[in-house]
Amino acid sequence: MRNLKLIHKVFIGLVLGIIVGALLYPMKEQPFVSKYIIGFLFELLGQGFLRLVKMIIVPLVFASLVTGTAAMNDVKKLGRIGIKTLLFFMVTTALGIMAAIAGANILKPGMGVVLENVQQSKFVAKEADSFVKVLLNIIPTNPFDALVKGEMLQVIFFAIMTGVVITLLGDKAKKLQGLFEEANELMLKMVSIIMELAPYGIFGLIGKTFITLGWAAMKPLASFIIVTYILLVFHGLVVYQILLRIYAKENPIVFLKKILAPMTLAFSTSSSAACIPLALKTLKEEFNVEDKISSFTIPLGTTINMDGTAIMQGVATVFIAQLYSIHLTTNDYFMVVLTAVLASIGTAGVPGVGTIMLSMVLAQVGLPLEGIGLILAVDRIVDMGRTTVNVIGNLVCSVVIDRIEKRTEAKERAAQK
Ligand code: ASP
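Note that the coordinates shown come from a computational prediction; the quantities given were computed from them, not determined experimentally.

Draft legend 1. Just unusual backbone geometry, in detail. The backbone phi angle of lysine 108 is positive, close to 45°, even though this residue is not glycine. Position of lysine 108 among the secondary structure elements: in the loop between helix H3 (75–107) and helix H4 (131–136). Look at asparagine 288: it is not a glycine, yet its phi comes out positive at around 55°. Within the element layout of this structure, asparagine 288 appears in the loop between helix H13 (276–287) and helix H14 (291–304).

This is the structure:
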């Protein structure tokens, strides 16, 4: 076990978790299994690891973003990177949801599903924030409060301002800049140490998911799960890889092999936020992506770029419309695309939020919100796939922006000569 690479160990953890979880599923009610295997072993390994990962997210994002921005030495460059990143996020999300709507209309997951067979979970819709409020919320009124609560957009905003002002101060803030650089190194080292525990954590998380997953609840919704997965795989393994090939000139197969560890982590945690540390580490070590790019694209993408979530929302909308035999017009679909892109910005990178945000999309086109209660029982299994696509998206975007930026810088240098 010692000589195996981390990625292989992570994969073994995943497969063992699935096997042990599925094998023990029939015995999940037995006191020994429920108390010691689910309640102690899986819980301790899974949650212990997850808490360690969460522990480093905020300090890591803050230190790496301040360091990255301060190292840029150029506010204009920051703007250039920012615009390209946002454009990449929005366009890919829109592409994902359009493909999801088209795919779901062709594959018709709702046809033949008997409504009475589907387990109805209780769902209470939450009032969505207005667009102005979403925008204003990016500015923290108290940066320490933002750090404490882990409000990612606010942390990003304050970190960028700090980095920019460190640049403006020049020599006056050299020591502070060095301090942030050292803090960044410290956090990255911590990531490496914590990731040694990833195989055990993933075993616990996946084991618990598979032992508690309601197979009976999944059966009537199999068509919804399968269609969503087909579209997720298409987006993550085809669309994104084509974009990677065109814009970053990277080999998709090599790329996918190198990101297997963050993909497995995303799949087993259903939380793209929990993947931030490993994503930053992978981009640096495997792809030589500059800190200034990844420390910006990864936390930002984790908060606002959710193609997997948008794809699920597209399929779910069509599925619910088919279940209730409600006809959606082209105009309705246009609204679905628009709302899902906006909803993905407001979705936090933690389990289950994408489904809560689905109420925004359904309400927009007048579909019954009880529809969400119908898919809630299988949400975890879908969440695992969509989170993986969310994380693939952030990684692809980081490599693409890095390579584009490197080409632009090379051109600029050539022009100066
Ligand atoms: N679990 C997803 C993520 O962390 C968000 C969601 O769709 O629920 O990316």
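Draft legend 2. Structural view of a positive patch on the surface. Taken together, the side chains of Arg245, Lys249, Arg407 and Lys411 make up a positively charged region of the molecular surface. In this structure, lysine 249 sits in the loop between helix H10 (222–248) and helix H11 (252–258).

Draft legend 3. How the structure looks around the site of the ligand. Taken together, 16 residues are adjacent to the ligand, and Ser272, Thr309, Gly354, Asp383 and Arg386 come closest. Between the ligand and glycine 354 there is a distance of 2.7 Å, counted from an oxygen atom to a backbone nitrogen or oxygen. Side-chain polar atom of asparagine 390 to an oxygen atom of the ligand: 2.8 Å apart, as the coordinates give it. Compared with its free state, where it exposes 270 Å², the ligand has 100% of that area covered by protein. Sorting the residues of the shell around the ligand by element identifies helix H17 (353–364) and helix H19 (379–416) as the ones contributing at least two each. Broken down by element, the residue count for the shell around the ligand peaks at four residues, all from H19. A breakdown of the residues in the shell around the ligand according to their chemical character gives five nonpolar, nine polar and two charged.

Draft legend 4. Spotlight on the side chain of aspartate 379. Looking at the element boundaries, aspartate 379 is found in helix H19. For aspartate 379, a relative accessible area of 11% puts it in the buried group. Sequence-distant contacts of aspartate 379, defined by excluding residues within four places in its chain, comprise Gly352, Thr355 and Arg386.

Draft legend 5. Just the confidence of the model for the protein, in detail. Put simply, the protein has an average pLDDT of 90, and 98% of its residues get 70 or more. Looking at the elements of the protein, mean pLDDT is at its lowest for helix H9 (residues 215–218), recorded as 75, and at its highest for H10, recorded as 96.

Draft legend 6. Representation of the packing of aromatic side chains. A complete count under the given rule lists seven aromatic pairs for this structure. Ring geometry for phenylalanine 62 and phenylalanine 180: centres 5.9 Å apart, planes at 65°, overall edge-to-face. Here phenylalanine 62 is found in helix H2 (residues 31–72), whereas its partner phenylalanine 180 is found in helix H7 (residues 174–195), with 118 residues between them in sequence. Note on phenylalanine 180: relative accessible area 16%, which makes it buried. Pairwise contacts between aromatic rings join Phe62, Phe158 and Phe180 into one cluster. A cation sits over an aromatic face here: lysine 258 above phenylalanine 287, 5.3 Å from the ring centre.

Draft legend 7. Structural view of helix H16 (residues 330–346). When the terminal C-alpha atoms of H16 are compared, their 25 Å separation across 17 residues agrees well with the 24 Å that a helix rising 1.5 Å per residue should span. Listing the buried residues of H16 in full gives Asp332, Tyr333, Val336, Val337, Thr339, Ala340, Val341, Ala343 and Ser344. The elements touched by buried residues of H16 are H3, H14, helix H15 (307–323) and H17.

Draft legend 8. The arrangement of the nonpolar core in detail. Ranked by internal contacts, the top residues of the largest apolar core, which has 119 residues, are Phe224 and Phe255. Considering every element that reaches this core, the biggest residue donor is H19, with 13 residues. By size, the runner-up hydrophobic cluster in this structure holds seven residues, among which are Ile37, Phe42, Phe203 and Ile211.

Basis of the calculations
Residues numbered from 1 in each chain as written. Predicted model: local features only at pLDDT ≥ 70, side-chain atom pairs only at ≥ 80, totals over all residues. Heavy atoms only, no water. Helix = DSSP H or I, 4+ residues; strand = E, 2+ residues; numbered from the N terminus. Patch = residues over 30% accessible without salt bridge, like charges linked within 9 Å, V, L, I, M, F, W, Y side chains within 5 Å. Areas by Shrake-Rupley, 256 points an atom, 1.4 Å probe, with all protein chains shown as cover. Salt bridge = Lys/Arg side-chain N within 4 Å of Asp/Glu carboxyl O. Lys, Arg positive; Asp, Glu negative; His and termini not counted. Charge placed at Lys NZ, Arg CZ, Asp CG, Glu CD. Near = heavy atom within 4 Å. Polar contact = N/O pair within 3.5 Å; in protein donor to acceptor, adjacent residues only side chain to side chain. Nonpolar A, V, L, I, M, F, W, Y, C, P; charged D, E, K, R; others polar. Buried < 20%, exposed > 50% of the residue type's maximum accessible area, 1.4 Å probe, protein only. Contact = heavy atoms within 4.5 Å. pLDDT = per-residue confidence, 0-100. Phe/Tyr/Trp six-rings, centres within 6.5 Å; stacked < 30°, edge-to-face > 60°. Lys NZ or Arg CZ within 6 Å of the ring centre and 35° of its normal. Expected span 1.5 Å × (residues − 1). Core = buried A, V, L, I, M, F, W, Y, C linked by side-chain atoms within 4.5 Å.

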